Amino acid sequence: MFLKRIVERRLEDLDRFEKDLKNEIEHAKRHIQKANDNLDELRREREELERYL
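The rules we used
Residues numbered from 1 in each chain as written. Predicted model: local features only at pLDDT ≥ 70, side-chain atom pairs only at ≥ 80, totals over all residues. Heavy atoms only, no water. Helix = DSSP H or I, 4+ residues; strand = E, 2+ residues; numbered from the N terminus. Rg over C-alpha atoms; globule rule 2.2 N^0.38 Å. Buried < 20%, exposed > 50% of the residue type's maximum accessible area, 1.4 Å probe, protein only. Areas by Shrake-Rupley, 256 points an atom, 1.4 Å probe, with all protein chains shown as cover. Patch = residues over 30% accessible without salt bridge, like charges linked within 9 Å, V, L, I, M, F, W, Y side chains within 5 Å. Salt bridge = Lys/Arg side-chain N within 4 Å of Asp/Glu carboxyl O.

Chemist: Looking at this model, I keep getting lost on the overall build of the protein. Mind explaining?
Modeler: Looking only at helices and strands, the protein features one helix and zero strands. Computed over C-alpha atoms, the radius of gyration of the protein comes to 23 Å, more than 25% over the 10 Å expected from 2.2 N^0.38 for 53 residues, which places it beyond the range of a compact globule. Taking the principal axes of the C-alpha coordinates as reference, the protein spans close to 80 × 10 × 5 Å. Every one of the 53 residues in the protein was classed for burial, and the buried ones make up 0%. Total accessible area computed for the protein in this model is approximately 5,600 Å², and 57% of it derives from carbon and sulfur atoms.

Have a look at this one:
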């Protein structure tokens, strides 16, 4: 019974860790999307400015 409780606690820990990692991944995806949006905007601005040359 003691070992069963240890295993149950560890599985609960792993569930929490998995949830936390999934949240971190989603957060990172939002940062990546924002960076890509900024890069697209920079490229558009560069193209627009280069037309004046």
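Chemist: What's the story with a nonpolar patch on the surface in this structure? I'm lost.
Modeler: Taken together, the side chains of F2, L3, I6, V7, L11, L14 and F17 define a hydrophobic patch exposed on the protein surface, amounting to about 710 Å² of accessible area. When you line up the elements, L11 lands in helix α1 (residues 2-50).

Chemist: Where do I start with the pattern of salt bridges in this structure?
Modeler: For side chains bearing opposite charge, pairing can occur when the charged atoms are close. Tallied over the entire structure, the rule returns six salt bridges. For D13, the salt bridge is made with R16, and the minimal N-O distance between the two is 2.2 Å. Taken as a pair, D13 and R16 lie in helix α1 at a separation of three residues, close to a single helical turn. The class for D13 is partly exposed, based on a relative accessible area of 24%. In this structure, the salt-bridge partner of R44 is E41, at a minimum N-O distance of 3.0 Å. In this pair, R44 and E41 are both assigned in helix α1, three residues apart and thus about one turn of the helix distant. Judged by its relative accessible area of 46%, R44 is partly exposed. Of the residues examined, E41 reaches a relative accessible area of 42% and is grouped as partly exposed. A single network of salt bridges, built from pairs that share partners, joins R5, E8 and E12.

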